[in-house]
Amino acid sequence: EDDFQFILCEGCQQESPDLKLLTCLHTLCLNCLSKNKPIGHCPLCRTAIPQASDIADMDNLLFTNLQARLKIYKMIIDGVDLFCDNCKKAGEFWCSECEEFLCTKCFEAHQRYLKRESHEAKRVMDIRAESAKDFLEDTRRTGDLSCPNPTHKSQTVSIYCKKCCKPLCCICALLDSQHAPFCDIRSETRRRQEELGTISQELKEKRSSFEATYTVLQDEAARLEQVQREMRELIRQRVEELVRLIHREEEELLGLVEAGQEQGRRELERELQRVERALQRMEAGERLVEKMNLYATEQEVMDMQPFIKDSLEELQRLQPPAAGDRTQPREFAECRARLQGL
């Protein structure tokens, strides 16, 4: 059965009597084509179906007929329903031309009345000893075409008209003298097979170039994926490095802030102490002058006034520092500059 999986629908992998051959040369059943989304395209390769109905109008007669012939072979192998198609007795022979099972008696009559025909009935036992390929080869008929003329349906086609591009029976060929010369139908079928073989060989050569291109594209896709992975890793490494640098910069800037804060604190402390001492001296001077006015004698005023005057005048010359006009520590300026750089 593995040798004949190709006759199944390529979509659902099932046997079907309604196999359609698409222009992309895929074979699908009507069920798969009707369920296909989007309608009007091959569900396997997405090639558009040119028919207006969105369903291919070419039946795959080869696969359908192979299915039918293989069913006959399976019946013979399994020994199921092998009855004579004429008298319903046990079928001992099979005629591929008549497509009938025959008992021994009907076989003898068949051979007697059709002795001038090319019918070759084979024993069922002999067919069972054959392979499926042998059975298909034996039942492969070349003269089963019917004449397209309705009045000559019973005539076997053996002639091909090259001008009309259609097969003819002998009667049609004799009556149609305008289209002569004709050729033998077998030579025409052989020519068509050879033509398909030539095209197939050319396609094999073209396919090799497509396969090479496909390999190159796969390599490019793999390289693109590799470059993407490398770039992602590089970005990750650089970001980690930048994070480390920023953390290091953070520690240094915080150190500068601490140093600047310490320097500013010391300077403010010195200013506070100087202002505090000046206030203490002013308070002491005010108290001393007040006490002298209350309790000092003239002799004490004469003796102490010059000294107190000099001290008070010195205090008058002192100026308080301007509030809010203090230069920030050098470390703070450096910190701002480095932040701006980041």
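Residues numbered from 1 in each chain as written. Predicted model: local features only at pLDDT ≥ 70, side-chain atom pairs only at ≥ 80, totals over all residues. Heavy atoms only, no water.

Looking at the side chain of Gln 67
Note the threshold: Labels follow the DSSP assignment, with helices taken as runs of H or I lasting at least four residues and strands as runs of E lasting at least two, numbered in each case from the N terminus. Residue burial is assigned from relative accessible area. The probe radius is 1.4 Å, only protein chains are included, and a residue is buried under 20% of its type maximum, exposed over 50%, and partly exposed in between. Contacts were defined at the residue level, with two residues in contact if any of their heavy atoms lie within 4.5 Å.
Inspection of the secondary structure assignment puts Gln 67 in helix α2 (residues 61–78). Residue classification places Gln 67 among the buried residues on the basis of a relative accessible area of 6%. Gln 67 has contacts with Ile 7, Glu 15, Ser 16 and Leu 19, leaving out every residue within four places of it along the chain.

Section: the pattern of salt bridges
The condition that has to hold: By definition, a salt bridge exists where a carboxyl oxygen of Asp or Glu is found within 4 Å of a side-chain nitrogen of Lys or Arg.
This model, assessed by the stated rule, comprises 16 salt bridges. Between Arg 191 and Glu 195 there is a salt bridge, and its shortest N-O distance comes to 3.6 Å. One end of the pair, Arg 191, and the other, Glu 195, are both in helix α7 (residues 185–295), four residues apart, so they sit about a helical turn from each other. A residue is classified by how much of its surface remains accessible, and Arg 191, at 38% relative accessible area, is partly exposed. Residue Arg 236 pairs with Glu 233 through a salt bridge whose shortest N-O separation is 2.2 Å. Remark: Glu 233 and Arg 236 occur in helix α7; sequence separation between them is three residues, near one turn of the helix. Overall, the relative accessible area of 38% leaves Arg 236 in the partly exposed class. Residues participating in the shared-partner salt-bridge network are Glu 249, Glu 252, Glu 334 and Arg 338.

Comments concerning α2
Given 3.6 residues per turn, any residue in an α-helix points the same way as the ones three and four places further on. Keep this limit in mind: An expected span of 1.5 Å times one less than the residue number is assigned to each helix.
Look at α2: 26 Å from first C-alpha to last across 18 residues, which is about the 26 Å you get at 1.5 Å a residue. Downstream of α2 by one or two residues, Gly 79 has phi in the positive range, about 70 degrees.

Considerations on the UniProt feature "coiled-coil region" (unreviewed entry) in the protein
Rules: UniProt positions are given in the numbering used here, feature names are shortened, and annotations may be inferred rather than shown by experiment.
Sequence positions flagged by UniProt for "coiled-coil region" (unreviewed entry) are, in local numbering, residues 200–288. Across residues 200–288 one finds 100% helix and 0% strand; the C-alpha atoms that close the span lie 127 Å apart.

Observations regarding the environment of Arg 281
As for its position among the elements, Arg 281 is in helix α7. The partly exposed category is assigned to Arg 281, whose relative accessible area is 36%. For the pair Arg 281 and Phe 135, spaced 146 residues apart in sequence, the C-alpha to C-alpha distance is 132 Å. What Arg 281 contacts, discounting residues up to four positions off in sequence, is Ser 311, Glu 314, Leu 315 and Leu 318.

Some remarks on the layout of surface pockets
Rolled over the atoms, a probe with the dimensions of a water molecule shows which regions are left empty. How we decide: As defined here, a cavity is a set of points on a 1 Å grid over the protein atoms alone where a 1.4 Å probe fits but cannot get out. A pocket is an open set with protein on both sides within 12 Å along at least five of seven lines, and residues line them when an atom is within 4 Å of a point. Grid points are joined across faces, edges and corners, and a volume is the space filled by probe spheres set on the points.
In this structure, the largest pocket spans a volume of roughly 2000 Å³. Of all the secondary structure elements, the ones that give two or more residues to the lining of the largest pocket are α2, α5 (132–138), β7 (166–168) and α7. Sorting elements by how many residues they give to the lining of the largest pocket places α7 first, with eleven residues.

Observations regarding the sheet that holds strand β4 (residues 100–102)
The following threshold applies: Strands are labelled as partners when DSSP assigns at least two bridges between them. Fitting a line to C-alpha atoms yields each axis, with helices limited to the stretch in contact; the angle taken between N-to-C directions then spans 0 to 180 degrees.
In space, the three strands of this open sheet follow the order β4-β3-β5, with antiparallel pairing throughout. For this open sheet the edge positions go to β4 and β5 (121–123), each flanked by a neighbour on one side alone. Along the sheet, successive strands turn relative to each other by an average axial angle of 30 degrees, direction set aside. Relative to β4, strand β3 (residues 93–95) is paired through three bridges, and the arrangement is antiparallel. Bridge assignment links Cys 95 to a residue of β4, and that residue is Glu 100. The strands that helix α3 (residues 104–113) touches are β3, β4 and β5; relative to β4, the one it contacts most, it runs at about 110 degrees.

Some points on the packing of aromatic side chains
Two descriptors summarise a pair of aromatic rings, namely the distance from one centre to the other and the angle between the planes of the rings. Inclusion rule: Between 30 and 60 degrees the pair is tilted, below 30 it is stacked and above 60 it is edge-to-face, where a pair is any two Phe, Tyr or Trp rings, Trp via its six-membered ring, whose centres lie within 6.5 Å.
For the coordinates displayed, the defined rule picks out four aromatic pairs. With a centroid separation of 5.5 Å and 70 degrees between ring planes, the pair formed by Phe 6 and Phe 63 is classed as edge-to-face. Placement of Phe 6 in the segment before β1 (19–21) and of Phe 63 in helix α2 is noted, with a sequence separation of 57 residues between them. Under the relative-accessibility criterion, Phe 63 is labelled buried at 14%.

Digging into the nonpolar core
One broad trend across soluble globular proteins is that nonpolar side chains are buried collectively. Rules: By nonpolar core we mean a set of buried residues, namely Ala, Val, Leu, Ile, Met, Phe, Trp, Tyr and Cys, connected to one another through side-chain atoms within 4.5 Å.
In terms of nonpolar packing, the biggest core is built from 26 residues, with Ile 7, Leu 28, Ile 76, Phe 101 and Phe 135 touching the most fellow members. Elements supplying a minimum of two residues to this core: β2 (27–29), α1 (30–35), α2, α4 (124–128) and α5. Of all the elements, α2 adds the most residues to this core, at six residues. In contact with Ile 76, not counting residues within four places along its chain, are Leu 82, Phe 101, Val 124, Ile 127, Arg 128 and Phe 135. Within the second largest apolar cluster, nine residues are counted, among which are Cys 147, Tyr 160, Cys 161 and Leu 168.

Re unusual backbone geometry
In this structure, Arg 46 is a non-glycine residue whose phi angle is positive, near 65 degrees. Despite not being glycine, Lys 88 has its phi angle at roughly 70 degrees, a positive value. Secondary-structure assignment places Lys 88 in the loop between α2 and β3.

Observations regarding the sheet that holds strand β6 (residues 159–161)
Remark on secondary structure: sheet strands pair via backbone hydrogen bonds, oriented parallel or antiparallel. Within the open sheet, the three strands sit side by side as β7-β6-β8. Their pairing is antiparallel. Every interior strand has two partners, whereas the edge strands, β7 and β8 (183–184), have only one. Of the pairings in the sheet, the one linking β6 to β7 comprises three bridges and is antiparallel in character. When the sheet's bridge partners are listed, Ile 159 is paired in β7 with Leu 168.

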